[in-house]
Amino acid sequence: VQLVESGGGLVQPGGTLRLSCVVSGGTFGDYVMAWFRRAPGQERVFVAFIGYSGSGRYYGDSVKGRFTISRDNAKNTVYLEMNGLTTEDTAIYYCAAKVQFTMRDMPEPGAYDYWGQGTQVTVSS
């Protein structure tokens, strides 16, 4: 199973970016999907989650109301729409896939089965 993120880049504070993650080599509908991020010098933290069919969406506290996760099972793709970006959103963003879902595991990086290579998001004026 391969996950490939794209859509990162440099954006000014207050701007918008849309990240994409394409999954290949497996059955996309069998995975719950999540986005995590790692800022310089920090550990990987949970950003957003979406269930198998798109129902059940959860967000980290720092992105609630600004970020939206979605998925298109026909395109094997999960998205992260990021609005109102601030410098604190600067990080490498990773998508992750998991077969067996539990609420307890949702925000835990170690619980996910597959990971992408990450895409850099830099928010700076």
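See the structure above.
## Overview of the overall build of the protein
So, step 1. Within the protein one finds zero helices and 11 strands.
So, step 2. N-terminal to C-terminal, the α/β element order of the protein is β-β-β-β-β-β-β-β-β-β-β.
So, step 3. For 125 residues, the compact-globule estimate of 2.2 N^0.38 gives 14 Å, and the C-alpha radius of gyration of the protein, at 13 Å, lies within 12% of that figure.
So, step 4. The dimensions of the protein, computed from C-alpha atoms along their principal axes, are 40 × 30 × 25 Å.
So, step 5. For the protein, restricting intrachain contacts to residue pairs at least 6 apart in sequence, the fraction spanning at least 24 positions comes to 56%.
So, step 6. Counting every atom, the protein has about 6,200 Å² of accessible surface; 47% of that belongs to carbon and sulfur.
So, step 7. Distance between charge centroids for the protein: 3 Å, based on 11 positive and 11 negative side chains.

## Re the pairing of strand S9 (residues 91–98)
So, step 1. Among the eight residues that make up S9, seven are buried, leaving the element largely enclosed by the rest of the structure.
So, step 2. Where strand S4 (residues 32–38) lies against S9, seven bridges are found, and the strand directions are antiparallel. Note that in S9 the partner of Met33 across the bridge is Ala97.
So, step 3. Alignment of S9 against strand S10 (residues 114–115), held across two bridges, turns out to be antiparallel.

## Overview of the side chain of Lys98
So, step 1. By the secondary structure assignment, Lys98 is in strand S9.
So, step 2. Within the structure, Lys98 has its side chain in polar contact with the backbone oxygen of Ala111 (distance 3.0 Å).

## Concerning the pattern of salt bridges
So, step 1. Within the structure shown, the criterion is met by six salt bridges.
So, step 2. Two residues, Arg37 and Asp89, come together in a salt bridge whose shortest N-O distance is 2.8 Å. Taken together, the residues Arg37 in strand S4 and Asp89 in the loop between strand S8 (77–82) and S9 connect sequence positions 52 residues apart.
So, step 3. The salt bridge partner of Asp105 is Lys98, with a shortest N-O separation of 3.7 Å. Across this residue pair, the class does not change: Asp105 and Lys98 are buried.

## Let's talk about the state of the cysteines
So, step 1. As enumerated under the stated definition, the model contains one disulfide in all.
So, step 2. Between the sulfur of Cys21 and that of Cys95 lies a disulfide, 1.9 Å long from S to S. The disulfide joining Cys21 to Cys95 has a torsion of about 50 degrees about its S-S bond and is therefore right-handed. Residue Cys21 is found in strand S3 (residues 17–24), and its partner Cys95 is found in strand S9; the two are separated by 74 residues along the sequence.
So, step 3. The class of Cys21 is buried, set by a relative accessible area of 0%.
So, step 4. Note on Cys95: relative accessible area 0%, which makes it buried.

What counts and how
Residues numbered from 1 in each chain as written. Predicted model: local features only at pLDDT ≥ 70, side-chain atom pairs only at ≥ 80, totals over all residues. Heavy atoms only, no water. Helix = DSSP H or I, 4+ residues; strand = E, 2+ residues; numbered from the N terminus. Rg over C-alpha atoms; globule rule 2.2 N^0.38 Å. Contact = heavy atoms within 4.5 Å. Areas by Shrake-Rupley, 256 points an atom, 1.4 Å probe, with all protein chains shown as cover. Lys, Arg positive; Asp, Glu negative; His and termini not counted. Charge placed at Lys NZ, Arg CZ, Asp CG, Glu CD. Buried < 20%, exposed > 50% of the residue type's maximum accessible area, 1.4 Å probe, protein only. Pairing = 2+ DSSP bridges. Polar contact = N/O pair within 3.5 Å; in protein donor to acceptor, adjacent residues only side chain to side chain. Salt bridge = Lys/Arg side-chain N within 4 Å of Asp/Glu carboxyl O. Disulfide = S-S within 2.5 Å.

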